Amino acid sequence: MPSLALEGLTKSYDGATEAVSKVTLTVADGEFLVLLGPSGCGKSTLLRMIAGLETVTSGELSIDGRSVANVHPRDRDIAMVFQNYALYPHMTVRKNLAYPLKLGGVPKSERNARVEQTAALLEIDSELERRPGSLSGGQRQRVAMGRALVREPSVFLMDEPLSNLDARLRMQMRSEISQIQRRLAITTVYVTHDQVEAMTMADRVVVMNKGRVQQIGEPTEVYEHPANLFVAGFIGSPPMNFFGARCAGGVVTVAGREIAPAGTLEADSAGSVTGVEAVVGVRPEQIQFGAAGPDELAMAGKVAAVETLGAETLCHVQVDLPGVTVEAGEVTQGDAGANSLLVRTPGNRSDLSGQDAELRVAVGSLHVFDPSTGKTVVSRHGTPRDEPRGSEAENRRGLEDSQT
Amino acid sequence: MRSSPAAGGPDVGRRLTRRPGIGAFAIFFGPLIAFYAVFYFFSVGFLIRTSFQKVSLSFRDATNVGLENYRLLIDDPRFIDAVRNNLVFAGVAIVAAMTIGFFISVALWSGVRGRALLYAVFLLPTLMPIALIAAVFRTMLESRFGSINEFLRGVGLDALAQRWLIDPDLAYGVIMVMFVYLIGLPILYYTSNLSIINTSALESAVLDGANPLRLMSQILFPIMRNTHKTVTLSTVLMSFRAFDIVFFSTGGGPAGRTEITGTYVYNYTTSGIKVGFGSAAAVLVLLVSLIVSAVQLRIYRSAGAQR
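Owing to the predicted nature of the structure, the values given are computational and were not obtained by experimental measurement.

(A) Inspection of the pattern of salt bridges at higher detail. Residues and elements named next belong to chain A. Summed over the entire model, instances satisfying the criterion amount to 26 salt bridges over all chains. Between E160 and K43 there is a salt bridge, with the nearest N and O atoms lying 3.9 Å from each other. Residue E160 is found in the loop between β7 (155-159) and α5 (167-184), and its partner K43 is found in helix α1 (residues 43-51); the two are separated by 117 residues along the sequence. When sorted by exposure, E160 lands in the same class as K43, which is buried.

Set out below in structure tokens:
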């Protein structure tokens, strides 16, 4: 039985604006699920609905098989870590940790033992008599986690808990949270807009946009097989390159070369208003400098700018391919002019600046998208995409709903 | 490349950090200093000087009497009663502000229906002249024809129709009620603090299992510590300046039962013959209010340091 199940969960304000729309997903016992998306995509609202801090407009929500959509937050057996930690400033760390146990009627001796145990787990046992105001950001974060963990809840919710930490501490806490979660095998729903957190911590990622689920899957799966233009553009840093392609006679062609069967593309794109027949995407690390082989697409261009990052270099290469503008997963503008491709190459290649360059990219690593619906038609490795991958059967309904 | 002073290097910094000239100082602070010199330093200085004199309202033929006025004042049980009344009324007002005022503020903040109307009901008295409110209370509480007693008699509750401003204990209670009635300012302080409060701690407490009562008493009330501080200090200081509440309702009576320091000082300084004595009382009241405020600040500071 899944630990947490959401069925068509919807939140609308004034009956018109849907902040969360028909979200269907399940979280297995002990699973680490990450809700990922840009600001305003509805991920925090969804988390707050699970917590009971936002009412559910429609749909079903159950924890351990018990319907909780209309149950008071304190009776849902959940704990939550807030973005700003939400510690009680007037209580010591010990009292902060003990507070939920005290309210739960746990006897004092057991309460003390559990507080000591949790503090030791999070290495804050020497800070128990201090108040939150005198703690560092990292220590506060641990106290917030401790207060949630000490209750031993059925579901653990985290709302961007690392966003107030500096980059170094964030990296450290990322790894610690993952380790603790795995050690305690506690079902966790974690909200973030940071794809690095999602990719490194999650068992599965739920990518959201405009209140709708765009894709559910394991991190590598979402990265390699994005379900649509939004996911393809949102996951990956630097982001995927997009350019226009021709679609005729049942095949998609780029620079005169056939790269994939068009599948349903021709029928779908008939209504396209941008004039783009197909959108092709390729990740910056899939493009290489050099002469193309037999299964590779050749492109010629000029390196317009170089960004040296130490271990790797990002090159902006002007190529003669039709450009397209993709915003929030939608093709907003077709452009027949020149296009700039971002190429990620290892080492320091500052010597390439201003040079003419030959580029090659394996045809099998190209993704093809339908410009009118944004859906993926062909994903990398040439896999035809008739169905969204990597999600439960019930989620397919959510995806279909989200794309209508 | 070193920037030359002409190009706006170190010289610019020096110019920006240079102290303003005496001219600028005079333009900005001159009017303020003149205002304070006339209305504050001069009047306080004058008050302190006359407090050591035996002098009438004509301020002629003043005789220096040293600390005699202060000695007489400390020996006067009416003055001690007035100071005690001040502190009692301040205490009642503080307790009311931190309980009723706090509760009303939370109710207003939590989106209760008719919020705008309730704001008007509680805040309006604060915006009106206290003298007017006191006069209205006095008229309403008049024992024979006052609207309160008329109403009580009208609904058959004759036994409850009291001599509100004539019975010393009832008059004392009436003054307390009036201090509580002026709860608007604390409500304003609390609601403004609530509007900027981070609600995550409250949400967290809800998830931890806190019921509304615990939420208010164990989380929200302690979180608003700084506002309590402002409310307490402002209420104490208001009580020492609340001359008009008492003067325009009971006039300090009956038999000095509701006398506060303000009415005490007023009675002596306007009677015309004991101005020096009245001045000494005013200076002592000033000292008492300063000491009370200083003690409060010290308590808050030490409590803050423990956090």
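(B) Structural view of the packing of aromatic side chains. Residue and element names in this part refer to chain B. Overall, the coordinates contain 25 aromatic pairs over all chains when judged by the stated rule. An angle of 45° between the planes, with centres 5.0 Å apart, marks the rings of F89 and Y172 as tilted. One end of the pair, F89, is in helix α4 (residues 77-109); the other, Y172, is in helix α8 (residues 168-181), and 83 residues separate them in sequence. With respect to class, F89 is no different from Y172; both count as buried. Counting every residue linked through ring pairs, the aromatic cluster contains F35, Y36, F39, Y40 and F41.

(C) Quick look at the confidence of the model for chain B. All names here are of chain B. Of all residues in chain B, 92% have pLDDT values of 70 or greater, and the mean over the chain is 85. Looking across chain B, the model is least confident in helix α1 (residues 10-17), with a mean pLDDT of 55, and most confident in helix α10 (residues 200-208), with 93. Low confidence marks residues 1-8, where pLDDT is under 50. Its contacts with residues over four positions away, or in another chain, come to 4 contacts. Prediction confidence for the complex, expressed as pTM and ipTM, is 0.79 and 0.81 respectively.

(D) Geometry of the sheet that holds strand β2 (residues 17-27) of chain A. Residue and element names in this part refer to chain A. Taken in spatial order, the 4 strands line up as β2-β1-β4-β5 in an open sheet, and their pairing is antiparallel. Lying at the two open borders of the sheet, with one neighbouring strand each, are β2 and β5 (66-67). In the sheet, strand β4 (residues 58-63) pairs with β5 via 2 bridges, with the strands oriented antiparallel. Bridging from a neighbouring strand, I63 pairs with R66 of β5. Packed onto the sheet, α1 meets β1 (4-13), β2 and β4 and runs at close to 115° relative to β1.

(E) Focus on the interface of chain B and chain A. Counting from both sides, the interface comprises 19 residues of chain B and, opposite them, 22 residues of chain A. Across the interface of chain B and chain A, roughly 1,800 Å² is buried in total on both sides, 57% from carbon and sulfur atoms. Across the contact surface, chain B and chain A share 3 salt bridges. As a salt-bridge pair, B:D208 and A:R147 come within 3.9 Å of each other at their nearest N and O atoms. In this assembly, chain B and chain A are joined by 9 residue pairs in polar contact (both at pLDDT 80 or more). Broken down by secondary-structure element, the contributors of at least two residues to the side of chain B that touches chain A are α10 and α11 (212-223) of chain B. When residues of the side of chain B that touches chain A are assigned to their parent elements, the largest contribution, 8 residues, is made by α10(B).

(F) Structural context of the pairing of strand β13 (residues 257-261) of chain A. All names here are of chain A. Here 4 bridges tie strand β12 (residues 251-254) to β13, and the two strands are oriented antiparallel to one another. Bridged to V254 within β13 is R257. Counted along the chain from β12 to the antiparallel partner β13, the turn is 2 residues long, and its residue A255 has a positive phi close to 50°.

(G) Structural view of the side chain of A:S178. Of note, A:S178 is situated in helix α5. When its relative accessible area of 10% is taken as the criterion, A:S178 is described as buried.

Rules and cut-offs
Residues numbered from 1 in each chain as written. Chains lettered and ligands numbered in written order. Predicted model: local features only at pLDDT ≥ 70, side-chain atom pairs only at ≥ 80, totals over all residues. Heavy atoms only, no water. Salt bridge = Lys/Arg side-chain N within 4 Å of Asp/Glu carboxyl O. Helix = DSSP H or I, 4+ residues; strand = E, 2+ residues; numbered from the N terminus. Buried < 20%, exposed > 50% of the residue type's maximum accessible area, 1.4 Å probe, protein only. Phe/Tyr/Trp six-rings, centres within 6.5 Å; stacked < 30°, edge-to-face > 60°. pLDDT = per-residue confidence, 0-100. Contact = heavy atoms within 4.5 Å. Pairing = 2+ DSSP bridges. Axes fitted to C-alpha atoms, helices over the stretch in contact; angles between N-to-C directions. Buried area = accessible area lost by both parts, 1.4 Å probe. Polar contact = N/O pair within 3.5 Å; in protein donor to acceptor, adjacent residues only side chain to side chain.

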